[in-house]
Amino acid sequence: MERNPREAPVGVFDSGVGGLTIWHELVRLLPAEHTIYLADSANAPYGGKSPGAILELARKNTRWLLERGCKLIVVACNTATTNAIDRLRAEFPVPFIGIEPAIKPAALNSRSGKIGVLATRGTLSSSLFASTSRNFGSGIEIVEQEGVDLVERIESAGPDDPELRDILERLLKPMLLQGIDYLVLGCTHYPLLKPTLEHLLPEGVRILDCGLPVARQSRAILEREGLLRDAGGPVRHELLTNGDPGVMRQVLLQLGHKQVPRREAF
């Protein structure tokens, strides 16, 4: 019997556990969909790697998900999106959803005319980031800050690591001195730090990430392609990491999920 393509899972991959912030929004908005999540923590962070190396890792993750029949793939990594998604779309026969920093809404709503973007070096140096900043940042000063050490600390010790507060204070200081009123989180790991960020940022500085917009775009693509799964029957979520499943479990609990991840080589 031919398999119903609507029953195929949605695939999600990231350089580590950060993309769970995207997966969380997908599951909330699309509760009937099966999912497979890959945390490529053994190769994290992607942000300091060459564009060629990032592309090869993105291809590896894509092939793994396609071998398991995924009908749509969410590249839940800003660095992989900015460096690889055009090639992935050209090379593989499924829809891809990528991640872009929320520069447009920040620029449209900024009162000070200055917005901060906290991202990896791989994102900040990419042509996609440059074109997004150019297209939506007219008349706005974009204060860029590389999130040095953030992904590494989250992947090794989890988002509750007390050392992250000191790192964030150091990174935020130059942006705040320049008078930003929006902080755009340009890496899917960074929303895991929202509780600390909200404590450190002064009143009037808003935080923007892209989790919900990505989930909405995924739903729109599945609807357009006739691939939305009908409600009913049990839903399967496979959460896999080639790193420490304990860190992944910690992040899932922070996001309110009880699923147990497992370690697997990929």
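Below, the structure is looked at part by part. (Residues numbered from 1 in each chain as written. Predicted model: local features only at pLDDT ≥ 70, side-chain atom pairs only at ≥ 80, totals over all residues. Heavy atoms only, no water.)

1. Side note on the pairing of strand β9 (residues 237-241)
Thinking step 1. Here five bridges tie strand β2 (residues 35-39) to β9, and the two strands are oriented parallel to one another. From the neighbouring strand, L38 faces β9, where its bridge partner is L240.
Thinking step 2. Bridge analysis of β9 against strand β10 (residues 262-263) gives two bridges, and the strand direction is parallel. Among the inter-strand pairings, T241 is bridged to a residue of β10, identified as R263. (Pairing = 2+ DSSP bridges. Helix = DSSP H or I, 4+ residues; strand = E, 2+ residues; numbered from the N terminus.)

2. Things to note about the sheet that holds strand β5 (residues 114-119)
Sheet strands line up and pair through hydrogen bonds in the backbone, either parallel or antiparallel.
Thinking step 1. What the four strands build is an open sheet, ordered β6-β5-β7-β8; its pairing is parallel. This sheet does not close on itself; its edge strands, each paired only once, are β6 (141-146) and β8 (206-208). Across this sheet, the average inter-strand angle for adjacent strands is 25°, counted without regard to direction.
Thinking step 2. Direction of pairing for strand β7 (residues 182-186) relative to β8: parallel, over a ladder of three bridges. Paired with Y182 across the two strands is R206, which belongs to β8. (Axes fitted to C-alpha atoms, helices over the stretch in contact; angles between N-to-C directions.)

3. A few points about the pattern of salt bridges
Thinking step 1. Using the criterion set out here, one finds 16 salt bridges in the structure.
Thinking step 2. Where E7 meets R229, a salt bridge forms, and the shortest distance between an N and an O atom there is 3.0 Å. Of this pair, E7 sits in the segment before β1 (10-14) while R229 sits in the loop between α10 (211-224) and β9, and the two are 222 residues apart along the sequence.
Thinking step 3. Between R87 and E91 there is a salt bridge whose closest N-O contact spans 3.3 Å. Here E91 and R87 lie together in helix α3 (residues 78-91), a separation of four residues that amounts to about one turn.
Thinking step 4. The exposure class of R87 is partly exposed, given its relative accessible area of 43%.
Thinking step 5. Each of the salt bridges in this network shares a partner with another, and the network as a whole consists of E56, R59, R87 and E91. (Salt bridge = Lys/Arg side-chain N within 4 Å of Asp/Glu carboxyl O. Buried < 20%, exposed > 50% of the residue type's maximum accessible area, 1.4 Å probe, protein only.)

4. Details of the packing of aromatic side chains
Thinking step 1. With the rule as written, the count across this model stands at two aromatic pairs.
Thinking step 2. With a centroid separation of 5.7 Å and 55° between ring planes, the pair formed by W64 and F266 is classed as tilted. Here W64 is found in helix α2 (residues 51-67), whereas its partner F266 is found in the segment after β10, with 202 residues between them in sequence. As far as burial versus exposure is concerned, W64 and F266 are alike and both buried. (Phe/Tyr/Trp six-rings, centres within 6.5 Å; stacked < 30°, edge-to-face > 60°.)

5. Observations concerning the side chain of T120
Thinking step 1. In this fold, T120 is placed in the loop between β5 and α5 (121-124).
Thinking step 2. Its relative accessible area of 11% is what places T120 among the buried residues.
Thinking step 3. Looking at T120, its side chain comes within polar contact range of the side chain of T79, at 2.6 Å. (Polar contact = N/O pair within 3.5 Å; in protein donor to acceptor, adjacent residues only side chain to side chain.)

6. Quick look at the sheet that holds strand β3 (residues 72-75)
Thinking step 1. Taken in spatial order, the six strands line up as β4-β3-β1-β2-β9-β10 in an open sheet, and their pairing is parallel. Of all the strands in the sheet, the pair left with one neighbour each is β4 (96-97) and β10.
Thinking step 2. Relative to β2, β1 runs parallel, the two sharing five bridges. Within the sheet, the bridge partner assigned to G11 lies in β2 and is I36.
Thinking step 3. Contacting β2, β9 and β10, helix α11 (residues 245-254) crosses the sheet at an angle of about 135° to β9. (Contact = heavy atoms within 4.5 Å.)

7. So, the packing of helix α1 (residues 20-29) against α10
Thinking step 1. α10 packs onto α1 with a crossing angle of 50° between their chain directions and a minimal axis gap of 8 Å. The pairing of α1 with α10 is recorded here as oblique in orientation. Viewed along their axes, α1 and α10 form a crossing whose handedness is right-handed. In this structure, α1 contributes I22, E25, L26 and L29 to the contact, and α10 contributes G211, L212, V214, A215, R216, S218 and R219. (Parallel < 35°, antiparallel > 145°, perpendicular 65-115°, else oblique. Left-handed = near helix turned anticlockwise from the far one by under 90°.)

8. Observations concerning unusual backbone geometry
Trans is the prevailing form of peptide bonds, just as negative phi is the prevailing case for residues other than glycine.
Thinking step 1. Between A44 and the following residue, P45, the backbone shows a cis peptide bond with an omega angle of -5°.
Thinking step 2. Positive phi outside glycine occurs at D149, with the angle close to 75°.
Thinking step 3. Mapped onto the elements of the fold, D149 is located in the loop between β6 and α7 (150-157).

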